[in-house]
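Structural overview for review
Spelled out from the first residue to the last, the chains are:
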Amino acid sequence: MTILITGANRGIGRAMFDGYRSRGDAVIGTTRGAAPDEGLWEQLEVSDPTSQAALAGRLGGQPLDLLVCNAGVYPDKGNALEDGYPAQMWADAFATNVTGVFLTIQSLLPNLRTAENAKIAIISSQMASHQHAPGGSYIYRASKAAVLNLGRNLSKDLEAEGIAVGIYHPGWVRTDMGGAGGDIEVDQARDGLMARFDALSMANTGCFETWDGNTPPY
């Protein structure tokens, strides 16, 4: 199986990259900056159409069995309603967390179509929920709600082609993004997400699931 993971140089993305390599899968990681010195890496700025086109060109017609859209940012942590959340922060976050996911799927769709039973996994968050909305983190919450909506609609449009799409909450993970107060370690999130991706099929395409197989409120 050939897997491509965006934002794979750190955190959950890096844990998944290492997990799939250990399992014996062919895995490609993408990074905005310098690539690590082991495994197969590609440079990608997910919000840049030129970078997307260059990656697609380098991959050529290589089939992709699983595309994991993991790259994301959380720029507004700790911002105050009174004077935080500047307009450029909104634009930059949506460019990565939403547009970047769409552009990645759009540019690599030919590679997914070449594989049999291809899958797309989109990392969102239960912070996308409109049922459980405790306030704050407006930019991150809104962007993750938008990418959840994107994934659900993509699952409908790709259903006829047999490409399954799942959207996932990785848990509150103890990473640089999640912070030291997270509920779970990165390896727990990694193992749970990999199990969810393995279980993704046309029977449950469009699912929104947590790392441990539950359905978050949304």
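Figured I'd write up the structure that's included with this text. (Residues numbered from 1 in each chain as written. Predicted model: local features only at pLDDT ≥ 70, side-chain atom pairs only at ≥ 80, totals over all residues. Heavy atoms only, no water.)

**Description of the overall build of the protein**
From N to C terminus, the protein includes five helices and seven strands. Each helix (α) and strand (β) of the protein, taken in turn from the N terminus, gives the series β-α-β-β-α-β-α-β-α-β-α-β. Against the 2.2 N^0.38 benchmark of 17 Å for 218 residues, the protein shows a C-alpha radius of gyration of 16 Å, consistent with a compact globule. With the C-alpha coordinates of the protein rotated into their principal frame, the extents come out at 50 × 35 × 30 Å. Looking at the protein as a whole, 50% of its 218 residues are labelled buried. For the protein, the proportion of contacts with a sequence separation of at least 24, taken over those separated by at least 6, is 66%. (Helix = DSSP H or I, 4+ residues; strand = E, 2+ residues; numbered from the N terminus. Rg over C-alpha atoms; globule rule 2.2 N^0.38 Å. Buried < 20%, exposed > 50% of the residue type's maximum accessible area, 1.4 Å probe, protein only. Contact = heavy atoms within 4.5 Å.)

**Brief notes about the environment of Q88**
Take Q88: it is sitting in helix α3 (residues 87-114). Within polar-contact distance, the side chain of Q88 engages the side chain of D92 at 2.8 Å. (Polar contact = N/O pair within 3.5 Å; in protein donor to acceptor, adjacent residues only side chain to side chain.)

**As for the sheet that holds strand β3 (residues 40-43)**
Reading across the sheet, the seven strands line up as β3-β2-β1-β4-β5-β6-β7 and stay open at both edges, with parallel pairing between neighbours. What marks the edges here is a single partner per strand, and that holds for β3 and β7 (208-210). With direction set aside, neighbouring strand axes in the sheet form an average angle of 25 degrees. Most of the contacts of helix α2 (residues 49-59) go to β3, to which it runs at about 145 degrees, and overall it touches β1 (2-5), β2 (26-31) and β3. In the packing of α3 onto the sheet, contacts are made with β1, β4 (66-69) and β5 (119-123), and the angle to β4 comes to roughly 170 degrees. (Pairing = 2+ DSSP bridges. Axes fitted to C-alpha atoms, helices over the stretch in contact; angles between N-to-C directions.)

**Things to note about the packing of α2 against α3**
At a minimum axis distance of 10 Å, the contact between α2 and α3 shows a crossing angle of 25 degrees. Comparing the axis directions of α2 and α3 gives the class roughly parallel. As α2 packs across α3, the resulting crossing turns out to be right-handed. Residues P49, Q52, L55, A56 and L59 of α2 touch α3, and the partners they reach there are G100, L103, T104, S107, L108 and N111. Looking at the contact of α2 with α3 residue by residue, the class counts come to six nonpolar, five polar and no charged. (Parallel < 35°, antiparallel > 145°, perpendicular 65-115°, else oblique. Left-handed = near helix turned anticlockwise from the far one by under 90°. Nonpolar A, V, L, I, M, F, W, Y, C, P; charged D, E, K, R; others polar.)

**Some remarks on the pattern of salt bridges**
In total, this model carries 10 salt bridges according to the counting rule given. For R196, the salt bridge identified is with E209, shortest N-O distance 3.8 Å. You can see R196 sitting in helix α5 (residues 186-199) and its partner E209 sitting in strand β7, a full 13 residues away along the chain. E209 matches R196 in its accessibility class, with the two residues each being buried. (Salt bridge = Lys/Arg side-chain N within 4 Å of Asp/Glu carboxyl O.)

**Points about the packing of α3 against helix α4 (residues 138-157)**
Contact geometry for α3 and α4: axes closest at 9 Å, N-to-C directions at 20 degrees. Between α3 and α4, the angle is such that the two are roughly parallel. Handedness of the crossing formed by α3 with α4: right-handed. Taking contact as the criterion, the partners of M89, W90, A93, F94, N97, V98, V101, F102 and I105 in α3 are, on α4, Y138, I139, Y140, A142, S143, A146, V147, L150 and L154. Considered class by class, the residues forming the contact of α3 with α4 number 16 nonpolar, two polar and no charged.

**Things to note about the nonpolar core**
Within the largest apolar cluster, 30 residues are counted, with the highest numbers of intra-cluster contacts made by L4, I105, L108, L112, I120 and I122. For this core, the elements supplying multiple residues, two or more each, are α2, β4, α3, β5, α4 and β6 (164-169). Those residues in contact with L108 that lie beyond four places of it in its chain are L4, L55, A56, L59, L64 and L67. (Core = buried A, V, L, I, M, F, W, Y, C linked by side-chain atoms within 4.5 Å.)

What is shown is where atoms sit, not what they do.
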